[in-house]
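Chain and residue survey
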Amino acid sequence: MVDLAAFRNNAGCAGRGIDAAGGFDGFGRTYPAEELTGLGPALGGWPRGWGSGVPDNVACDGHVIPLGRTLTVRAVTLLGASCGGHLDDVLQLLDEVSGARAEVPFGLPDFLARAGTRDEQCVSAATVLREHGRDIQGYGPRMWRVTAAPEIPVRCGALELPLNPGVHLFGIQVTVAAEAA
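This is a predicted model, so every value here is computed, not measured. (Residues numbered from 1 in each chain as written. Predicted model: local features only at pLDDT ≥ 70, side-chain atom pairs only at ≥ 80, totals over all residues. Heavy atoms only, no water.)

Comments concerning the overall build of the protein
Basically, it comes down to this: Secondary structure elements are defined from DSSP: runs of H or I of at least 4 residues count as helices, runs of E of at least 2 residues count as strands, and each element is numbered from the N terminus. Radius of gyration: C-alpha atoms only; globule rule: 2.2 Å multiplied by the number of residues to the exponent 0.38. Between buried and exposed lies partly exposed: a residue is buried under 20% and exposed over 50% of the maximum accessible area for its type, with that area taken using a 1.4 Å probe on protein chains only. We call two residues contacting when some pair of their heavy atoms lies within 4.5 Å.
Across its full length, the protein carries one helix and twelve strands. The globule rule puts the C-alpha radius of gyration for 181 residues at 16 Å, and the 16 Å found for the protein is close to it. On the principal axes, the C-alpha backbone points of the protein span a range of 55 × 35 × 30 Å. Looking at the 181 residues of the protein, the share that counts as buried comes to 51%. When contacts within the protein are restricted to residue pairs at least 6 apart in sequence, those whose partners lie at least 24 apart make up 73%.

Here's what the structure looks like:
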């Protein structure tokens with residue numbers, strides 16, 4: 001699991017009665033925190049104060065996220081959603097030693113979409129939408145998982161997220177190629 005703690009810049013989950021200001025989408029709408037509790041382990045844990053309006057996801061703004069060491073990456077799995085419709089974008093795999101870059105296209109459905117448009121997997125379908133702390137019935141947001149892969153495994157020491165704040169990532173997992181013995 002890639003550590004996103006230093007890059008979280010958006011409060012997308014709120015507990016009952018909590019107004020998370022702009023929320024996930026800039027209009028005060030959020031996921032109900034109590035319905036996503038089970039996803040915490042898959043994300044490497046929730047941030048301290050989760051559900052109280054603290055940043056819990058990354059609204060992509062071109063962040064460069066170091067992996068801690070250079071890995072041979074086969075695939076990247078993203079956990080999140082978009083706002084403003086299904087969004088397609090590109091993740092950059094960076095080899096900071098050689099300066100090489102590999103583009104990995106991906107797409108994420110809108111958090112209010114009822115179905116994905118490709119091979120995305122819904123990992124959580126909430127029963128309500130929170131809007132400035134109030135529950136709105138009938139519009140349960142969804143969290144999506146998508147796996148994107150370069151054509152061949154790539155040496156990578158950092159990930160460069162797209163410059164697209166409509167793409168929100170709660171978690172990133174890197175799948176590495178088996179090292180030759």
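Structure shown, so let's carry the discussion forward.
Remarks on the pairing of strand β6 (residues 101-108)
Definition in use: At least two DSSP bridges between two strands are needed for those strands to be called paired.
Here eight bridges tie strand β5 (residues 87-94) to β6, and the two strands are oriented antiparallel to one another. Looking at β6, one finds that Gln92 is bridged to Glu103. Linking β5 to β6, which pair antiparallel, is a turn of six residues; within it Gly99 sits at a positive phi near 85°.

Considering the packing of aromatic side chains
Note the cut-off: Any Phe, Tyr or Trp ring, taking Trp's six-membered ring, that has another such ring centre within 6.5 Å forms a pair; planes under 30 degrees apart are called stacked, those over 60 apart edge-to-face, and the others tilted.
One pass over the full model with this rule turns up seven aromatic pairs. Between Tyr31 and Phe111 the ring centres are 6.0 Å apart and the planes differ by 55°, which places this aromatic pair in the tilted class. Placement of Tyr31 in strand β2 (residues 29-32) and of Phe111 in the loop between β6 and β7 (121-125) is noted, with a sequence separation of 80 residues between them. The burial state of Tyr31 is the same as that of Phe111; both residues are buried. The rings of Phe24, Tyr31, Trp46, Trp50, Phe111 and Phe170 are connected pair by pair, giving a single aromatic cluster.

Topic: the environment of Glu35
For Glu35, the location among the structural elements is in helix α1 (residues 33-36). Separated by 87 residues in sequence, Glu35 and Cys122 have C-alpha atoms that sit 14 Å apart.

Brief notes about the pattern of salt bridges
Close approach of charged atoms lets side chains of opposite charge pair. Convention followed: Just to be clear on terms, a salt bridge is a Lys or Arg side-chain nitrogen sitting within 4 Å of an Asp or Glu carboxyl oxygen.
Evaluation of the coordinates by the stated rule reveals eight salt bridges. Here Arg29 makes a salt bridge to Asp25, at a shortest N to O gap of 2.5 Å. The exposure class assigned to Arg29 is partly exposed, which follows from its relative accessible area of 24%. Using a relative accessible area of 11% as the deciding quantity, one classes Asp25 as buried.

Quick look at the sheet that holds β2
In spatial order, the strands read β1-β2-β8-β9; together these four strands make up an open sheet with mixed pairing. One side of each edge strand has no neighbouring strand; the edge strands of this open sheet are β1 (13-14) and β9 (134-137). Here strand β8 (residues 128-131) pairs with β9 via four bridges, running antiparallel. Each residue of the ladder has a partner; that of Arg130, found in β9, is Asp135.

Some thoughts on the side chain of Arg8
To keep things clear, this is the line we draw: Only four residue types enter the charge count, namely Lys and Arg as positive and Asp and Glu as negative; His and the chain termini do not.
Position of Arg8 among the secondary structure elements: in the segment before β1. Buried and unpaired, Arg8 has no salt bridge, with Asp3 as the nearest side chain of opposite charge at 5.8 Å.

Some points on unusual backbone geometry
At Ala21, a position not held by glycine, the phi torsion is positive, near 55°. For Ala21, the position within the fold is in the loop between β1 and β2. Of note in the backbone geometry, His132 takes a positive phi value of approximately 50° without being a glycine. Along the chain, His132 turns up in the loop between β8 and β9.

Things to note about the nonpolar core
So the rule is basically this: By nonpolar core we mean a set of buried residues, namely Ala, Val, Leu, Ile, Met, Phe, Trp, Tyr and Cys, connected to one another through side-chain atoms within 4.5 Å.
Grouped together as the largest cluster of nonpolar side chains are 45 residues, with contacts concentrated most on Tyr31, Leu93, Leu159 and Ile172. Among the secondary structure elements, those contributing two or more residues to this core are α1, β3 (58-61), β4 (64-82), β5, β6, β10 (142-148), β11 (154-160) and β12 (163-176). Residue contacts for Leu93: discarding those within four places in its chain leaves Val73, Val76, Ala100, Arg101, Ala102, Val104, Pro150, Val154, Cys156, Ala158 and Leu159.

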